[in-house]
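Below, each chain spelled out in residue letters.
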Amino acid sequence: MKTRLLIFISALLLLPPAGFLLSGNDWNELFAHSSDATNDLSATAITLLLLSGYTLLTNLLVKLRTGNNPLTTQRNYFLTVSAASAVTGWLLVYLSFFATSLAFGGIIELVLDTLLFALLAPAALSTRALLGSFPGLLKLLARGLPIPSPTNETKAMLLVSSAGLGLLGIAAMPSQQSWLLWLAPLLLLFALQLMWHESTILLSLKSGNWSRPVCAALAGLIVGNLTILIYQIAGGIAPSQLLAQTGYLLFGLLSLQLGDVLAEHWRGTQRRTPTQTRKPFPIPVVVKK
């Protein structure tokens, strides 16, 4: 798991600069298009607060519907996902530096943005859990069209090639390849999973079960639009959201796949609530002296 995540982070950090240099550009051109504009701190703080409330609300609804509160029973897992979400958020900001203009802010904005990034993936996973608590929706999505797929080796080579070209293309041709900002990291994570003989969130499509990827994509769409809507209502300025919808869908898939990778650390361990105590041995043992 750690090796895959290290390769994932290293590729996102190193391939865009390589593509920028291979395209014949100069470093001065890279910093010339950066923006000095900063985000609205109050709007970011309000968004962070309300999105936190939304995450707690979705987990409460999951508990009411299923009797299980993910934030309680999987506390360490969600803390790890939150840290990975913060890192992923800044990696995407780093990629956007090569594709579009980038705003630089002070230390307060850095802290608020980090906290907001750390909340996005847990919010998406909580929303997906809520969607998954509706049996009718899961049954409907489980009857989808099966999609045949080639061998894992072939898929891994195709995905890693596409992800590498995408990360190189973000910097080499930003006006034509900016849409790869969200797709390339997801393809790279898929490829690494297959190269390590692990499953991806698209495995169930082979049998026609679309529930996991569809619920994850819908969760990303809901969380992405809700976050931007709160930010705009709070007074922040956001770019046009029409083209961003695909990015939100891919973000939901990326959050679920990243969550699956991190969950491997807890594979094979029994989940216990913090208040759960071990039951005593039912048969008394008598020791004769």
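Procedures and definitions
Residues numbered from 1 in each chain as written. Predicted model: local features only at pLDDT ≥ 70, side-chain atom pairs only at ≥ 80, totals over all residues. Heavy atoms only, no water. Helix = DSSP H or I, 4+ residues; strand = E, 2+ residues; numbered from the N terminus. Buried < 20%, exposed > 50% of the residue type's maximum accessible area, 1.4 Å probe, protein only. Contact = heavy atoms within 4.5 Å. Areas by Shrake-Rupley, 256 points an atom, 1.4 Å probe, with all protein chains shown as cover. Phe/Tyr/Trp six-rings, centres within 6.5 Å; stacked < 30°, edge-to-face > 60°. Lys NZ or Arg CZ within 6 Å of the ring centre and 35° of its normal. Salt bridge = Lys/Arg side-chain N within 4 Å of Asp/Glu carboxyl O. Expected span 1.5 Å × (residues − 1). Core = buried A, V, L, I, M, F, W, Y, C linked by side-chain atoms within 4.5 Å. Patch = residues over 30% accessible without salt bridge, like charges linked within 9 Å, V, L, I, M, F, W, Y side chains within 5 Å. Axes fitted to C-alpha atoms, helices over the stretch in contact; angles between N-to-C directions. Parallel < 35°, antiparallel > 145°, perpendicular 65-115°, else oblique. Left-handed = near helix turned anticlockwise from the far one by under 90°. Nonpolar A, V, L, I, M, F, W, Y, C, P; charged D, E, K, R; others polar.

Q: Lay out the overall build of the protein in plain terms, naming residues and giving numbers.
A: Check the secondary structure of the protein and you find 12 helices and 0 strands. Seen in sequence order, the protein has helices and strands lined up from the N terminus as α-α-α-α-α-α-α-α-α-α-α-α. A total of 289 residues make up the protein; the buried ones form 41% of that total. Contacts in the protein between residues at least 24 apart in sequence constitute 84% of all its contacts with a sequence separation of at least 6. Carbon and sulfur atoms provide 68% of the accessible area of the protein, an area that totals close to 16,200 Å².

Q: Now, about the packing of aromatic side chains: what can you tell me, with residues and values included?
A: Counting across every chain of the model gives 3 aromatic pairs. Note on Tyr77 and Trp266: the rings are 5.8 Å apart at their centroids and 90° apart in plane angle, and the pair reads as edge-to-face. Taken together, the positions of Tyr77 in helix α5 (residues 75-99) and Trp266 in the segment after α12 (244-263) put the pair 189 residues apart, joining distant regions of the chain. Ring geometry for Trp90 against Phe117: centres 5.1 Å apart, planes inclined by 80°, an arrangement best described as edge-to-face. In this pair, Trp90 sits in helix α5 while Phe117 sits in helix α6 (residues 107-131), placing the two residues 27 residues apart along the sequence. Judged by relative accessible area, which is 30%, Trp90 ranks as partly exposed. On the basis of relative accessibility, which here comes to 15%, the residue Phe117 falls in the buried class. The rings of Tyr77, Phe78 and Trp266 are connected pair by pair, giving a single aromatic cluster. The residue whose ring lies beneath Arg65 is Phe134, and the NZ or CZ to ring-centre distance is 3.9 Å.

Q: Describe the pattern of salt bridges, naming the residues involved and giving the relevant values.
A: The tally for this structure, following the rule as stated, stands at 2 salt bridges. Measuring nitrogen to oxygen at the nearest pair gives 2.6 Å for the salt bridge that ties Glu264 to Arg4. Of the two residues, Glu264 sits in the segment after α12 while Arg4 sits in helix α1 (residues 2-22), which places them 260 residues apart along the sequence. Exposure remark for Arg4: the relative accessible area of 4% places this residue in the buried category.

Q: With reference to specific residues and values, describe α12.
A: Here α12 spans 28 Å end to end across 20 residues, near enough to the 28 Å set by a 1.5 Å rise per residue. Counting buried positions over the 20 residues of α12 gives 14, a clear majority of the element.

Q: Break down the nonpolar core for me, citing the residues and quoting the values.
A: Soluble globular proteins: nonpolar side chains tend toward being buried together. Counting residues in each nonpolar core, the largest one holds 42 residues, and the members touching the most others are Leu12, Leu167, Leu188, Leu253 and Leu262. Contributing elements (two or more residues each) for this core: α1, α5, α6, α8 (152-172), α10 (180-195), α11 (211-233) and α12. Per element, the largest residue contribution to this core is 11 residues, and it comes from α10. Non-local contacts of Leu167, meaning those with residues more than four positions away in its chain, are made with Ala11, Leu12, Leu15, Pro16, Leu95, Ala184 and Leu188. Among the nonpolar cores identified, the runner-up in size contains 12 residues, and Leu48, Leu51, Ala124 and Val223 belong to it.

Q: Describe in detail a nonpolar patch on the surface, supporting the description with residues and values.
A: Residues Leu41, Ile107, Ile108, Leu110, Val111 and Leu115 make up a contiguous nonpolar surface patch of about 540 Å² in total accessible area. Positionally, Leu41 belongs in helix α3 (residues 41-66).

Q: Give me the packing of α6 against α11: which residues, what numbers.
A: The geometry of α6 relative to α11 is characterised by a closest axis approach of 8 Å and an angle of 130° between their N-to-C directions. Between α6 and α11, the angle is such that the two are oblique. Considering how the two elements wind past one another, α6 and α11 form a crossing that is right-handed. In this structure, α6 contributes Leu120, Ala123, Ala124, Thr127, Arg128 and Leu131 to the contact, and α11 contributes Arg212, Cys215, Ala216, Leu218, Ala219, Ile222, Val223 and Thr227. The residue makeup of the contact of α6 with α11, split by class, is 10 nonpolar, 2 polar and 2 charged.

Structural measurements only, silent on function.
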